[in-house]
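# Structural overview for review
Given next are the chains, with one letter for each unit.
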Amino acid sequence: MHYQDVLDEVAAHVAPHIGRGQVAQYIPALAAVDPDRFGIALADVDGNVTGVGDWERPFSVQSISKAFGLALVLAQDGEKLWRRVGREPSGNPFNSLVQLEHENGIPRNPFINAGALVVTDRLHSLTGDASTTMLDFLRAESGNPDLAFDPVVAESESGHGDRNAALAHFMASYGNLDNPVPTVLEHYFWQCSIEMSCRDLALAGGFLARHGLRADGSRLLSRREAKRVNAVMLTCGTYDAAGDFAYRVGLPGKSGVGGGIIAVIPGRCTLCVWSPGLDARGNSVAGVAALDHFTTVTEWSVF
Ligand code: GLN
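This is a predicted model, so every value here is computed, not measured. In every chain, residue numbers begin from 1 and rise along the written sequence. Local features are withheld for residues below a pLDDT of 70 in this predicted model, meaning they are given only at 70 or higher, and side-chain atom pairs are given and counted only at 80 or more; totals for whole chains, interfaces and linings count all residues.

### Some thoughts on the overall build of the chain
Heads up, the rule is: A helix here means a DSSP run of H or I that spans at least four residues, while a strand means a run of E at least two residues long, and both kinds are numbered starting from the N terminus. Just to be clear, the radius of gyration here is over C-alpha atoms, and the globule rule we use is 2.2 Å times residues to the power 0.38. Neighbour counting defines burial: a residue surrounded by 20 or more other C-beta atoms within 10 Å of its own C-beta is buried, one with 12 or fewer is exposed, and intermediate counts give partly exposed, using backbone-placed C-beta atoms. Here, residue contact means that the backbone-derived C-beta atoms of the two residues sit within 7 Å.
The helix and strand tally for the chain stands at 14 helices and eight strands. In terms of C-alpha radius of gyration, the chain reaches 17 Å, essentially the compact-globule figure of 19 Å for 303 residues. For the chain, the spread of C-alpha atoms along the principal axes amounts to about 55 × 40 × 35 Å. Looking at the chain as a whole, 54% of its 303 residues are labelled buried. When contacts within the chain are restricted to residue pairs at least 6 apart in sequence, long-range pairs at least 24 apart make up 68% of them.

### What to know about the sheet that holds strand β4 (residues 148-149)
Using the following cut-off: The criterion for strand pairing is that DSSP finds at least two bridges linking the strands in question.
Read across the open sheet, the three strands follow the order β3-β5-β4; overall the sheet is antiparallel. Unpaired on one side and paired on the other, β3 (59-60) and β4 mark the two borders of the sheet. Of the pairings in the sheet, the one linking β3 to strand β5 (residues 194-196) comprises two bridges and is antiparallel in character. From the neighbouring strand, Ser-60 faces β5, where its bridge partner is Glu-195.

### Things to note about the sheet that holds strand β1 (residues 39-44)
In plain terms, the rule: For helices, the axis comes from a line fit to the C-alpha atoms of the stretch in contact; other axes are also lines fit to C-alpha atoms, and the angle between any two N-to-C directions lies between 0 and 180 degrees.
Spatially, the five strands line up as an open sheet ordered β2-β1-β8-β7-β6, and their pairing is antiparallel. With partners counted over all chains shown, the strands left at the sheet margins are β2 (49-53) and β6 (253-255), one partner each. Averaged over all pairs of adjacent strands, the angle between strand axes in this sheet comes to 10°, irrespective of strand direction. One ladder, built from five bridges, connects β1 with β2; its direction is antiparallel. Among the inter-strand pairings, Ala-43 is bridged to a residue of β2, identified as Val-49.

### Topic: the packing of helix α5 (residues 113-127) against helix α8 (residues 162-173)
Helix packing geometry: the angle between the two helix axes and the distance between the axes. Heads up, the condition is: In this scheme the handedness of a crossing depends on how the near helix is turned from the far one: anticlockwise by less than a right angle means left-handed, clockwise means right-handed. The classification used treats Ala, Val, Leu, Ile, Met, Phe, Trp, Tyr, Cys and Pro as nonpolar, Asp, Glu, Lys and Arg as charged, and all other residues, Gly among them, as polar.
Their axes nearest at 10 Å, the elements α5 and α8 cross at an angle of 65°. Where α5 crosses over α8, the two elements pack in a sense that is right-handed. Together, Asn-113, Ala-114, Leu-117 and Val-118 of α5 and Asn-164, Leu-167, Ala-168 and Met-171 of α8 make up the contact between the two elements. Each residue belonging to the contact of α5 with α8 can be placed in one class, and the counts come to six nonpolar, two polar and no charged.

### Details of the UniProt feature "binding site: substrate" (unreviewed entry) in the chain
For clarity, the threshold we go by: UniProt positions are given in the numbering used here, feature names are shortened, and annotations may be inferred rather than shown by experiment.
Taken from the UniProt record, the annotation "binding site: substrate" (unreviewed entry) applies to Ser-63, Asn-113, Glu-157, Asn-164, Tyr-188, Tyr-239 and Val-257. Structurally, Asn-113 can be placed in helix α5. Discounting residues that sit within four places of it in the chain, Asn-113 has contacts with Phe-94, Asn-95, Asn-164 and Leu-167. Assignment of secondary structure puts Tyr-239 in the loop between α12 (223-236) and α13 (242-248). Assessed through the 24 C-beta atoms surrounding it within 10 Å, Tyr-239 is described here as buried.

### A short note on the environment of Trp-274
You can see Trp-274 is positioned in strand β8 (residues 269-274). Assessed through the 33 C-beta atoms surrounding it within 10 Å, Trp-274 is described here as buried. Apart from the residues within four sequence positions on either side, Trp-274 is in contact with Arg-37, Gly-39, Asp-54, Phe-59, Cys-198, Gly-259, Gly-260 and Gly-287.

### A few points about the nonpolar core
Applicable threshold: Note on definitions: a nonpolar core is a set of buried residues drawn from Ala, Val, Leu, Ile, Met, Phe, Trp, Tyr and Cys, linked by C-beta atoms within 7 Å.
Membership of the largest hydrophobic core comes to 99 residues, with the highest contact counts inside it found for Ile-40, Ala-71, Ala-202, Val-229, Leu-271 and Leu-291. Top contributing element to this core by residue count: helix α3 (residues 65-77), with eight residues.

As C-alpha cells, this is what we get:
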C-alpha cells in the first residue's frame with residue numbers, strides 16, 4: 001500500500017467536512033485561524049514522512065503537548081507519577097473542575113488540563129525548565145531546529161487563563177503541586193503555544209510507534225511505558241469523546257484545540273492531521289473524520 005495514495009484518498013473523502021465545526025474562540029490568536037485548512041502527514045517507524053494538503057504549515061499544538069509531557073515524565077519518574085494523577089477517562093470536559101474536589105485534588109488523567117498541570121509541575125521539578133525541555137525534545141524528534149513557541153499565543157493563554165489558574169490553585173490546596181502556581185501555569189501555557197506542522201508532529205510522535213525508541217535510536221521509554229502512554233491516549237486522549245474516538249478511529253490519539261490530532265499505529269507509523277474546526281468537545285471535526293476513514297480504508301486500527 002502506498003501511503004501517499006491512501007492520504008490522497010483520505011483528503012478527497014473528508015473534503016466535505018473541512019470548515020465544519022468552530023475554530024477555538026477562547027483566545028484571539030486561535031480564533032483568527034483560517035477554518036478551511038486541512039493537512040495530514042504520516043511518518044513510518046523508519047522516519048520516512050509524507051503528507052497532503054497543509055501538512056507543512058505550522059499550527060498551535062495546544063493539548064497535543066500533553067502526550068509529550070507524559071512521556072518525558074514517565075521516562076524519568078516511572079510509575080511514581082500515578083500517585084499524583086489517575087489514568088481513567090474523565091467523562092467531563094477537558095477544563096472541568098468538578099471531579100477534583102471528590103478525589104482530593106488528584107486529576108482523573110494526565111490529558112485533561114488538571115492532569116497536564118500536574119505533569120508540567122513534575123517535569124519542571126525534574127528538569128528546571130519544563131517548557132524548554134519539551135521544545136528541545138520536539139526539535140530533536142522532528143528534526144526541525146526551527147520549532148518555536150508562539151509568544152502571542154502564550155501571552156494570550158495567560159491573559160485568558162482564569163480556568164487553568166483555578167485548577168492549579170485548587171490542586172495546590174491539596175498539596176498536589178510542588179512549584180508555585182504561576183510557574184506551573186507559565187510553563188503549561190508556553191508548552192501549549194509551540195507551533196508545529198503535521199509533518200513535525202508525525203515525526204515527533206514516532207517514538208510511540210517505535211515502542212519507545214527515539215529518532216536517533218536511543219531509548220526514551222521502555223516498551224511497557226510506551227504501551228502505557230498509548231493506552232492512556234486511547235482511553236483519555238480526546239477527553240469526553242474518547243469512547244467515540246475509539247469507536248470511530250480505533251487508535252491511540254491526542255487532540256488539541258488548535259485542531260491537530262496525533263494518532264499512533266504501534267509498530268507501523270504515527271499520523272498527524274490538522275483542521276481547525278472543532279466539535280463541541282474540542283476535537284477537530286475533519287481530523288476525526290480523516291482518521292476514521294484512514295483506519296477504515298487501511299484496516300490498521302488496533303482492533
Ligand atoms: N491551552 C488550552 C487550555 O489550556 C489547551 C486545551 C486543549 O487543547 N484542549 O485550555
